[in-house]
Amino acid sequence: DQQVKQNSPSLSVQEGRISILNCDYTNSMFDYFLWYKKYPAEGPTFLISISSIKDKNEDGRFTVFLNKSAKHLSLHIVPSQPGDSAVYFCAAKAGKSTFGDGTTLTVKP
Amino acid sequence: DAGVTQSPTHLIKTRGQQVTLRCSPKSGHDTVSWYQQALGQGPQFIFQYYEEEERQRGNFPDRFSGHQFPNYSSELNVNALLLGDSALYLCASSETFGFQETQYFGPGTRLLVL
C-alpha cells in the first residue's frame with residue numbers, strides 16, 4: 001500500500017504562471033514533509049519542507065501548504081520558469097522518509 | 001566543497017552475483033542513507049547508517065546489507081542479485097541523525113541485472 005501518492009504523473013504550465021503540484025498521504029504518523037526536485041542524471045535536490053505543526057512555509061518562489069485533516073500537501077511555484085522543468089518528489093517522514101512516485105513538471109517558454 | 005559522490009556510475013551484473021556500491025558523504029555529514037529507485041517510481045528507503053551502525057531499515061530483504069566506515073563513507077552490498085534489483089541506487093547524506101535533517105543526494109549508481 002503506497003503511503004505517499006502523487007496522482008498527477010505530469011504537469012505542463014506556461015512560463016510566468018503558477019505551478020501547483022499535489023501530494024496525498026495516508027499515514028497520520030508522518031510529522032515532517034519535504035519536496036525534492038530531480039533533473040536527469042542527478043540525484044534529488046531538497047527544495048522546501050514543512051513541519052506538521054505548520055500549515056504553510058514559503059521560500060522565494062516556492063510555497064508548501066499542508067492540510068493535515070485532508071492529509072494533503074501541495075507545492076506552489078510562482079512564477080514558473082523554464083528552469084523549473086524537472087521531476088518533483090514529495091516525501092513524508094515518520095523516522096524514515098517515504099517518497100511519492102514524482103510529477104514531471106514542464107514549463108513552456 | 002564536494003557534494004555526495006557515488007561509485008561506480010553504472011554497473012552490469014548477472015543474476016546470482018553480488019555487488020558493492022560506494023558512497024562518500026558531503027563534507028561534515030555523518031549520516032548516510034541508501035535508497036533504491038526503480039524506473040518510474042520514487043526512491044525507496046533501504047537503510048540508514050550513523051556512527052557505523054545501521055539505525056533504521058526499510059522493507060528490504062537481508063540480501064541488502066551495508067557498512068559505514070570511520071570516515072563516514074558507506075557501502076551497500078547486494079547478494080544473490082535478482083532481475084528486480086535493477087534500479088538506480090541513491091545515497092544521501094545528512095549532518096545529524098535526527099528529525100529534520102536535510103538530506104543531500106548523490107547522482108546515483110545505475111545497476112542493471114541480466
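Residues numbered from 1 in each chain as written. Chains lettered and ligands numbered in written order. Predicted model: local features only at pLDDT ≥ 70, side-chain atom pairs only at ≥ 80, totals over all residues. Heavy atoms only, no water.

Asker: So what exactly am I meant to see when it comes to the interface of chain A and chain B here?
Answerer: Many authors give the size of an interface as the accessible area that is lost as the parts come together. Counting residues at the interface gives 18 residues for chain A, matched by 20 residues for chain B. Together, the buried faces of chain A and chain B total about 1500 Å²; carbon and sulfur atoms form 55% of this surface. Across the contact surface, chain A and chain B share zero salt bridges. The tally of links from chain A across to chain B stands at two residue pairs in polar contact (both at pLDDT 80 or more). Here the residues of the side of chain A that touches chain B sort into seven nonpolar, five polar and six charged. (Contact = heavy atoms within 4.5 Å. Buried area = accessible area lost by both parts, 1.4 Å probe. Salt bridge = Lys/Arg side-chain N within 4 Å of Asp/Glu carboxyl O. Polar contact = N/O pair within 3.5 Å; in protein donor to acceptor, adjacent residues only side chain to side chain. Nonpolar A, V, L, I, M, F, W, Y, C, P; charged D, E, K, R; others polar.)

Asker: Help me out: how do you make sense of the pattern of salt bridges in this one?
Answerer: Should the charged atoms of two oppositely charged side chains come close, the side chains can pair. Residues and elements named next belong to chain B. Summed over all chains, the structure comprises six salt bridges over all chains. A salt bridge links Arg57 to Glu54, with the nearest nitrogen and oxygen atoms 3.1 Å apart. Taking relative accessible area as the criterion, Arg57 reaches 28% and is therefore assigned partly exposed. Classification of Glu54 as partly exposed rests on a relative accessible area of 34%. (Buried < 20%, exposed > 50% of the residue type's maximum accessible area, 1.4 Å probe, protein only.)

Asker: Where do I start with the state of the cysteines in this structure?
Answerer: Two cysteines, two sulfur atoms, one covalent bond between them: this is a disulfide. All names here are of chain B. Counting across every chain of the model gives two disulfides over all chains. Residue Cys23 pairs covalently with Cys91 via a disulfide, S to S 1.8 Å. Here the disulfide of Cys23 and Cys91 is left-handed, its torsion about the S-S bond being about -60°. On the criterion of sequence distance, the pair formed by Cys23 in strand β3 (residues 19-24) and Cys91 in strand β9 (residues 87-94) is long-range, its members being 68 residues apart. By relative accessible area, Cys23 is classed as buried at 2%. (Disulfide = S-S within 2.5 Å. Helix = DSSP H or I, 4+ residues; strand = E, 2+ residues; numbered from the N terminus.)

Asker: How should the pairing of strand β4 (residues 32-38) of chain A be read in this particular structure?
Answerer: Put simply, side chains in a regular strand alternate between the two faces of the sheet. Residues and elements named next belong to chain A. Most of β4 sits out of view: seven of its seven residues are buried. Here β4 shows no split at all, with Tyr32, Leu34, Tyr36 and Lys38 on one side and Phe33, Trp35 and Lys37 on the other all buried. Across six bridges, β4 lies against strand β5 (residues 45-51) in antiparallel orientation. Paired with Tyr36 across the strands is Phe46, a residue of β5. (Pairing = 2+ DSSP bridges.)

Asker: In this structure, what is going on with the sheet that holds strand β1 (residues 5-7) of chain B? I would like to understand it.
Answerer: Strands in a sheet are paired, the pairing made by backbone hydrogen bonds, and the direction either parallel or antiparallel. Residue and element names in this part refer to chain B. Read from one edge to the other, the open sheet built from four strands follows the order β1-β3-β8-β7, with strand pairing classed as antiparallel. Of all the strands in the sheet, the pair left with one neighbour each is β1 and β7 (64-68). Taking each pair of neighbouring strands and ignoring which way they run, the sheet shows an average axis angle of 20°. Taken together, the five bridges between β3 and strand β8 (residues 74-78) define a ladder with antiparallel strand orientation. By the bridge assignment for β8, Thr20 is matched with Asn77. (Axes fitted to C-alpha atoms, helices over the stretch in contact; angles between N-to-C directions.)

Asker: Honestly, the sheet that holds strand β3 (residues 19-25) of chain A in this entry has me stumped. Any pointers?
Answerer: All names here are of chain A. What the five strands build is an open sheet, ordered β1-β3-β8-β7-β6; its pairing is antiparallel. Bordering the open sheet on either side are β1 (4-5) and β6 (56-59), each of which pairs with just one other strand. By the bridge criterion, four bridges tie β6 to strand β7 (residues 62-67) in an arrangement that is antiparallel. Each bridged residue has a counterpart across the sheet, and for Lys56 the counterpart in β7 is Phe65.

Asker: How do you make sense of the packing of aromatic side chains when you look at a structure like this?
Answerer: The geometry of an aromatic ring pair comes down to the distance between the two centres and the angle between the two planes. According to the stated counting rule, one finds 13 aromatic pairs over all chains in the structure shown. An angle of 75° between the planes, with centres 6.1 Å apart, marks the rings of A:Tyr36 and A:Phe46 as edge-to-face. One end of the pair, A:Tyr36, is in strand β4; the other, A:Phe46, is in strand β5, with 10 residues separating them in the sequence. Its relative accessible area of 1% is what places A:Tyr36 among the buried residues. Centre to centre, the rings of A:Tyr36 and B:Phe105 are 5.5 Å apart; their planes meet at 90°, and the pair counts as edge-to-face. Highlighted residues: A:Tyr36 in strand β4 and B:Phe105 in strand β10 (residues 104-105), drawn from two different chains. Ring pairs connect the aromatic residues A:Tyr36, A:Phe46, A:Phe89, A:Phe99, B:Tyr35, B:Phe45 and B:Phe105, which therefore count as one cluster. Seen from the ring of B:Tyr104, B:Lys26 lies directly overhead, with NZ or CZ sitting 5.3 Å from the centre. (Phe/Tyr/Trp six-rings, centres within 6.5 Å; stacked < 30°, edge-to-face > 60°. Lys NZ or Arg CZ within 6 Å of the ring centre and 35° of its normal.)

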